[in-house]
Every structure is written in structure tokens, then in C-alpha cells.
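For reference, the chains in residue letters:
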Amino acid sequence: MTAPSQELHFADAGEAADLAAFLARLIHYDRAAAVRLQAGGGVLAVFGRPPSFEVLAIRTARLEAIVSTEAAPDTPHTPHTSDTLPTSAGAAGGAGALDTTVSAGEFADALDTARAARTTDGSEIRDRGLVVTVPQAVTGPPWAGVLPPRGGWRRVTGLPGVAEVRGAVAAAVAEFRARDAALPEERRTRAERDRIGHEIWSRTLGDTGLPLRAVHAAQSLGFLRPVRAAAPAATGHGSGVATAAPEPLALLAAGGWLRLRTPYGSIAVRTQGLSGGLSGLSVTPA
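Residues numbered from 1 in each chain as written. Predicted model: local features only at pLDDT ≥ 70, side-chain atom pairs only at ≥ 80, totals over all residues. Heavy atoms only, no water.

Caption draft 1: Inspection of helix 3 (residues 162-181) at higher detail. For helix 3, which comprises 20 residues, the first-to-last C-alpha distance of 29 Å matches the rise-based estimate of 28 Å (1.5 Å per residue) to within 8%. Of all the positions in helix 3, only V165, V169, A172 and D180 are classed as buried. For helix 3, the arc enclosing every buried residue in end-on projection is 65 degrees, short of the 170-degree limit, so these residues lie on one face. In helix 3, the exposed positions angled more than 90 degrees off the buried face are occupied by A163, R177 and A181. As for helix 3, its buried residues are in contact with helix 4 (190-201) and helix 5 (212-220). (Helix = DSSP H or I, 4+ residues; strand = E, 2+ residues; numbered from the N terminus. Expected span 1.5 Å × (residues − 1). Buried < 20%, exposed > 50% of the residue type's maximum accessible area, 1.4 Å probe, protein only. Arc of directions from axis to C-beta. Contact = heavy atoms within 4.5 Å.)

Rendered as C-alpha cells:
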């Protein structure tokens, strides 16, 4: 008897390619990175934690279905049942839901394998779906058990525009390099550099309360790049319906968390302690 597995049927191969790029960036920072996968409402959310940033990064992609496969003894591997995701987000464990922690590298390999299998004449067809097998679960790191709340998000005012946000990151990086270069040889240690970095990246962006490290993480993960003309809309309902391009940036707050939402993903950071056990971010397009 082979253990049951699940297949993710992505609605758009281009979104799956963007997800693969996100995983590659996480692996760049940590070759042993793990990611938590949650699906519901027709959308897959992938949570990761790049080292040193002390934030959670979230990337989403639309799904058409989750298909469970299992093999009986001495019989071929055949599809079991196709659980089309419900149109409204549900808690993990509902019909068609998925909640598991897997190796980021194995998930990236599964995406690459699926994309390679559907390549035609050396070019990828981006307007068709993609079927990817979910890797076996792994023991999750501590951060995977404490995610942002599912709901209750409210808009935080005062977030600068994209150009100003990018400028704040560039200025902070330049300051770090200048202060590092000015260190005398006897103080050029990892501890001293960490102290300088912590001082700079713990500063907040204007009056928002968002630490600069969250904006730095967004920049490093490619979330602050220019918006594509065909970027999917953040409908907030997981409907998968493409509308006008979403607003470039938004800052949201809920339950001791801040979340910087961009067209390409979100960065969430804890601003105070949480109580009440485990929770999960609502699985809607970022």
C-alpha cells in the first residue's frame, strides 16, 4: 500500500512559475528551508521565513483543484477523487483543503518537474494549468506553528509610495555599508556588524510602525518590483477572476501583526506577543 499523496492543479502556469522563483529566493537564503502550504477558497498560500529578516513571507497562486491519489495493494496508481476547492475559504481540514509543511527544495523540484513535462517546442504555455505533486510532509520549524490571524485585518494609513519605500531600503543599505566600512580593524567583527544591522533594520518606516527589515525582505524577495500589466487582481475572495491591476502596496494590521501586501506577495511581522494558539492567514491572493 502506497501512502496517499495529493496533487495541486494550478489554474495558471505563469503563477506557478512565479511561485517557483519565490521558492528559489528562499532556498538562496537557506538551503534547508521549509515552507508551510495552506489551501482553501481556490488559492494556495505558501509561507516561508527567510533567515535574519525575522519576518514571514507569503506567496499565493490560484488553484483549480486538489486531487488525492492512493494505491491499493497490487494495483496500479490511479486517481482517487478530485476535490475542487470551495469558493469560500475554509479552515484547514475541510473539503479540498490542504495544510502541510514541506521542504522548499522538494516543492521547487516538483514545480520544475511539472513545468518541464509540459514544455512544448522549447516554450512554456503560460495560459494553461499545471499539475504538481505535493512532497511528503516534514517536521516544521517553530515559526510554522504561529502564523498571522485568518481575519480582522484593517488598513493602516501613512504608508509611503513604492518609490519612497524603495528609497528607504536603499538608504538603509547605504548607511550599513558606510558604517561597516568606517569600522576600525579591531572592531570589524560579526557581532559588531550584527549590532549595526539590528539598529538600522529595527527602525520603522515613517509613522507606520513597520520595521525596515520587513521592507528589506520584500525588496530581497522580489515583491517590490514593477507591476506587470497582466498582474492578477487581489480580489480578496479567492475567486480567481482577473480584474484591474491591484494597488501597488498596502499595509494591514491584525492581532499583533503587520502585513505589507504587494502584487507579488506579502511580508508579515509580529509587533507584539500573541495568545490563543495556532492560527493561519486567510488564503486569498496577496
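What follows picks up the thread again.
Caption draft 2: Representation of the environment of G105 within the structure. Inspection of the secondary structure puts G105 in helix 2 (residues 104-117). Once the C-alpha coordinates of G105 and A32 are considered, the two residues, 73 residues apart in sequence, prove to be 7.4 Å apart. Not counting the four nearest positions on each side in its chain, G105 is found in contact with I27 and A33.

Caption draft 3: Focus on the packing of helix 3 against helix 4. For the pair helix 3 and helix 4, interaxial distance at closest approach is 10 Å and the crossing angle is 155 degrees. Between helix 3 and helix 4, the interaxial angle falls into the category roughly antiparallel. Every pair of crossing elements has a handedness; the one defined by helix 3 and helix 4 is right-handed. In this structure, helix 3 contributes V169, A172, V173, E175, F176, R179 and D180 to the contact, and helix 4 contributes R193, R195, I196, G197, E199, I200 and W201. Across the contact of helix 3 with helix 4, the residue classes tally to seven nonpolar, one polar and six charged. (Axes fitted to C-alpha atoms, helices over the stretch in contact; angles between N-to-C directions. Parallel < 35°, antiparallel > 145°, perpendicular 65-115°, else oblique. Left-handed = near helix turned anticlockwise from the far one by under 90°. Nonpolar A, V, L, I, M, F, W, Y, C, P; charged D, E, K, R; others polar.)

Caption draft 4: Looking closely at the packing of helix 1 (residues 13-29) against helix 2. Interhelical geometry of helix 1 versus helix 2 gives an angle of 145 degrees and a closest axis separation of 9 Å. Judged by the sense of rotation from one axis to the other, the crossing of helix 1 with helix 2 is left-handed. For the pair helix 1 and helix 2, contact is made by A16, A17, L19, A20, L23 and I27 and by A104, G105, F107, A108, L111, D112 and R115, respectively. Of the residues contributing to the contact of helix 1 with helix 2, the split by class is 10 nonpolar, one polar and two charged.

Caption draft 5: Seen up close, the side chain of T262. Among the structural elements, T262 can be located in strand 10 (residues 257-262). You can call T262 buried: its relative accessible area is 2%. A polar contact is formed between the side chain of T262 and the backbone oxygen of F223, at a distance of 3.2 Å. Reaching out from T262, the side chain makes a polar contact with the backbone oxygen of G265 at a distance of 2.8 Å. (Polar contact = N/O pair within 3.5 Å; in protein donor to acceptor, adjacent residues only side chain to side chain.)

Caption draft 6: Spotlight on the pairing of strand 9 (residues 250-254). With five of its five residues buried, strand 9 lies for the most part within the structure. Taking every second residue as pointing to the same face, both faces of strand 9 are buried, with A250, L252 and A254 on one and L251 and A253 on the other. Sheet topology places strand 9 next to strand 10; five bridges connect them, and they run antiparallel. Each bridged residue has a counterpart across the sheet, and for A253 the counterpart in strand 10 is L258. Connecting the antiparallel pair strand 9 and strand 10 is a turn made up of two residues, with G255 showing a positive phi of about 50 degrees. (Pairing = 2+ DSSP bridges.)

Caption draft 7: Highlighting unusual backbone geometry. Its identity as a non-glycine residue notwithstanding, S52 has a phi of 75 degrees, on the positive side. Tracing the chain through its elements places S52 in the loop between strand 3 (43-48) and strand 4 (56-71). Exposure remark for S52: the relative accessible area of 65% places this residue in the exposed category.

Caption draft 8: Looking closely at the pattern of salt bridges. This model, assessed by the stated rule, comprises 16 salt bridges. Salt-bridge contacts for R62 lead to E15; the nearest nitrogen and oxygen are separated by 2.7 Å. Here R62, found in strand 4, pairs with E15, found in helix 1; they are 47 residues apart in sequence, far enough to count as distant. Of the charged contacts in the structure, one is a salt bridge between R59 and D18, with a shortest N-O distance of 3.5 Å. With a gap of 41 residues between them, R59 in strand 4 and D18 in helix 1 connect regions that are remote in the sequence. D18 matches R59 in its accessibility class, with the two residues each being buried. The structure contains a network of salt bridges with shared partners spanning E175, R179, R187, E192, R195, E199 and R203. (Salt bridge = Lys/Arg side-chain N within 4 Å of Asp/Glu carboxyl O.)

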